[in-house]
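Structural characterization, general
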Amino acid sequence: MDMDFAGALSPANLKYMMHGLGVTLEVAVWSIVLSFLLANLIAVLRYARIPVLSQILFVFVEIVRNLPLLLIIFFMFFAVPDVLKINITPIQAAIAALTIFESAMISEIIRGGLNSIPKGQIEAGRSSGLTYVQTLRYIVLPQALRKMVPPLVSQFISLLKDTSLAIIISLEELLRTTQIVYSQKMSYVFPALIFAALVYFVINYSLSLVAGRLEKRFNV
Amino acid sequence: MKKTWKKALSLFLVSSVAALTLVGCGSSSSDSSSKSGDTGSKTGTVSSATLDAIKQRGKLVAGVKYDTNLFGLKDPASGTVSGFDIDIAHALAKDILGDENKVEFKEVTSKTRIPMLDKGDIDVIIATMTITEDRKKQVNFSDVYFKAGQSLLVKQGSDIKSIDDLKGKKVLAVKGSTSVTNIKQKAPDAQVLEFDTYADAFTALKAGKGDTLTTDNAILMGMSQQDPSFVLTGGLFTDEPYGIASKKGDDEFTKYLNTFLKKINDNGDYATIYKKWFKEDPKK
Amino acid sequence: MIDFTILTDHFQEYMDGFLTTIESSALALLGCLILGTIIAVFRISPIKPLRWFGTAYVEFLRNIPVLITVFLFYAGGPVLHLNLSGFASGTIGLAVYTSAFVAEAIRAGINAVPKGQMEAGRSSGLSYIQTMRYIVLPQAFKIVIPPIGNQCINLIKNSATLGAVAGLDLMYQADIINSETFDVFSTYIFVGIFYLVLTIPLSLLFSYIERRLNRAY
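Residues numbered from 1 in each chain as written. Chains lettered and ligands numbered in written order. Predicted model: local features only at pLDDT ≥ 70, side-chain atom pairs only at ≥ 80, totals over all residues. Heavy atoms only, no water.

**Some thoughts on the overall build of chain C**
- Along chain C, the regular secondary structure elements total nine helices and zero strands.
- For chain C, the α and β elements follow one another from N to C terminus as α-α-α-α-α-α-α-α-α.
- A total of 217 residues make up chain C; the buried ones form 52% of that total.
- When contacts within chain C are restricted to residue pairs at least 6 apart in sequence, those whose partners lie at least 24 apart make up 73%.
- As displayed, chain C has an accessible area near 9400 Å², and 67% of this comes from carbon and sulfur atoms.
- Each charge sign in chain C was given a centre, from 13 positive and 13 negative side chains, and these centres are 28 Å apart. (Helix = DSSP H or I, 4+ residues; strand = E, 2+ residues; numbered from the N terminus. Buried < 20%, exposed > 50% of the residue type's maximum accessible area, 1.4 Å probe, protein only. Contact = heavy atoms within 4.5 Å. Areas by Shrake-Rupley, 256 points an atom, 1.4 Å probe, with all protein chains shown as cover. Lys, Arg positive; Asp, Glu negative; His and termini not counted. Charge placed at Lys NZ, Arg CZ, Asp CG, Glu CD.)

This is how it looks when you write it as structure tokens:
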């Protein structure tokens, strides 16, 4: 079996794959921001043990994190718009699906962090005149977030990798563009896949290095 | 222990409601980025909703293949899609909007094209789509604009010479295509493996994952052209008339499409496009 | 809204896919536990090249998408003179990918038990094996079980990638069913329920074990 690295990674093919990388990053950044916000909301609501609402959220989180993301992406693109009579593009569907899935995963990380803060701190906050929300906002959450940096970063890395699953709805992200490139010739398959793997690796590994630095700086 | 069981029980009770929860939450986060579609525009009864939408938007949105040589193939270098289906879409855009470039292409696969049309992502499917009775229940079809027939693609020197040689062989095909139904009927002893796209299926054939790939001859010709070590065999064993699909129920638009097809047939545009891709005059 | 006749009409296809998903997940789980243990041993071994290999293996696989490992074994297989079916390459790809995470979990578990404990065990008259068996491993186990449980569930969820290489799993069968029913919503709702039937009891089981372990030691 021959491998044609020069052909597979010709300037034209590279340019096309970098276009795919752009889409991957766009989806990842939006999903990270949105899922982080949604996850905080879910985690705080569950932590506060609001009746009914926290039970509903419990069920939501358990169901979503026990389903394959691939299925959620597919469903988000084909079934949800049909039922809701709305129209969404592949990139919007990918962002929405990743946001839902990752917010369930991330909310568990945040809840774990919140639960690791001794309850006495809340009482201390309350008795020094802060409201419950203020105590959460200024005392509990900042401490919890600091503890959560390492698992959060690994979750964000997972998210970036998982954007590749949007290949199932023909989103032209990095892996889909790689596939289009390697379907030109059999000798392109291995080189193109290895190249894509290295691109993901470089981005994610750098992220984990940055996380390591952050962790040291917070020094918890 | 007891608590765990209670939790388990409640979880199973709600798992049937899971669908609703998922959908509910889906809407809340998806509408942050989505525009609401205008599927049910209520204009006069005579005119076509699809046609109105295209004119209002100022462009035609066509669902085409991105991975099928000769019909719709994306060139990584230029980023453009080209092929027979693509040129038909250009001609349609010119007919509706007076400018052949007022068309946007979206990639569809055999698996995704009907849902995408249903959802209103695309106005028409011009994507090597065979007209069948089953599909007529889902979409409206125009008259036939291309006549294909199912055939087999094999590695040169393969011992498969016809559809009768498929016993115990691995046959590669594409999900949601008519070729799958046909081959299961005509060669029930073959093992059929289905892929999302023609490119995936062809890559699998090249990688030795199957003995033959089956679909319409015109698509197979495109593959054989890309890699001449693969050849067509076994002749044609079905008729696959391609039609342009549009939204179910918009009969006015279907009439429009038929008039359009007749027009390009009469003025010679169709023959020009056909010759450009298949290097011969269209069969009568 | 949900068409239950799809489930009854295509029950055989759903079951075929479901069983294939279970089979692939079980094989991949076994594979990733074995591979992961070997790599974990490499990573704490005193021999430098083994440690380097272990680190490179874990870091590379942890940072690439699971679909790439599956595609590498499938479409890239011929380069290594392997011609694997969709099922085989999917299962191997899953096992290799997950083994990196398993290796990390095991390494973290062993490292978490202070070295002094081994010495203490030995000096109180226990043999090396007895110390491992009664002192070190139970503690390491407690730390290792929750992340391994998570990986097990991730593995089942990731097995849906088999559908992309004609792996005959639940996702693949669903695509086939959908091409006959044209009802995306109902067809895939049942797929979701099939996955939940697998993953939810397992995640309950793992959190139960986790709580038991926390109480026991």
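**A closer look at the overall build of chain A**
- Regarding its fold elements, chain A presents ten helices and zero strands.
- Overall, chain A shows an N-to-C arrangement of helices and strands of α-α-α-α-α-α-α-α-α-α.
- C-alpha atoms of chain A, sized along the principal axes, occupy 70 × 45 × 25 Å.
- Expressed as a percentage of the 220 residues in chain A, the buried residues total 57%.

**Looking at the packing of aromatic side chains**
- Evaluation of the coordinates by the stated rule reveals 32 aromatic pairs over all chains.
- A ring pair is formed by Phe84(B) and Tyr270(B), whose centres lie 6.0 Å apart and whose planes are at 85°; its orientation type is edge-to-face. Remark: Tyr270(B) occurs in helix 11 (residues 269-278) and Phe84(B) occurs in helix 4 (residues 84-97); sequence separation between them is 186 residues. In this structure, Phe84(B) and Tyr270(B) share a single accessibility class: buried.
- Look at Phe42(C) and Phe53(C): their rings are 6.0 Å apart centre to centre, the planes differ by 65°, and that puts the pair in the edge-to-face class. On the criterion of sequence distance, the pair formed by Phe42(C) in helix 2 (residues 11-44) and Phe53(C) in helix 3 (residues 48-62) is long-range, its members being eleven residues apart.
- On the basis of relative accessible area, Phe42(C) is assigned to the partly exposed category, the value being 21%.
- The rings of Phe71(B), Phe84(B), Tyr145(B), Phe146(B), Tyr242(B), Tyr270(B), Tyr274(B) and Phe278(B) are connected pair by pair, giving a single aromatic cluster.
- When the ring centre of Phe77(A) is taken as reference, the NZ or CZ atom of Lys119(B) above it lies at 4.1 Å.
- Sitting over the face of the ring of Tyr74(C), Lys209(B) holds its NZ or CZ atom 4.6 Å from the ring centroid. (Phe/Tyr/Trp six-rings, centres within 6.5 Å; stacked < 30°, edge-to-face > 60°. Lys NZ or Arg CZ within 6 Å of the ring centre and 35° of its normal.)

**Some words on the side chain of Ser179(B)**
All names here are of chain B.
- With respect to the helices and strands, the residue Ser179 is situated in helix 7 (residues 178-186).
- Owing to a relative accessible area of 1%, Ser179 belongs among the buried residues under this scheme.
- Once residues within four sequence positions are removed from consideration, Ser179 is found in contact with Gln150, Thr214, Thr215 and Asp216.

**Let's talk about the environment of Ile126(B)**
All names here are of chain B.
- Relative to the helices and strands, Ile126 resides in the loop between strand 6 (124-125) and helix 6 (133-136).
- Judged by relative accessible area, Ile126 falls into the buried class, the value being 0%.
- Residues Ile126 and Gly63 lie 63 residues apart in sequence; the distance between their C-alpha atoms is 6.1 Å.
- If we ignore the near neighbours within four places in the chain, the residues touching Ile126 are Gly63, Val64, Asp85, Ile88, Ala89, Leu92, Tyr145 and Ile244.

**Regarding the sheet that holds strand 5 (residues 103-107) of chain B**
Residues and elements named next belong to chain B.
- Reading across the sheet, the five strands line up as 5-1-6-13-7 and stay open at both edges, with mixed pairing between neighbours. The open sheet is flanked by strand 5 and strand 7 (139-148), the only strands paired with a single partner.
- Here two bridges tie strand 6 to strand 13 (residues 240-247), and the two strands are oriented antiparallel to one another. Pairing of Ile125 across the sheet is with Ala245, part of strand 13. (Pairing = 2+ DSSP bridges.)

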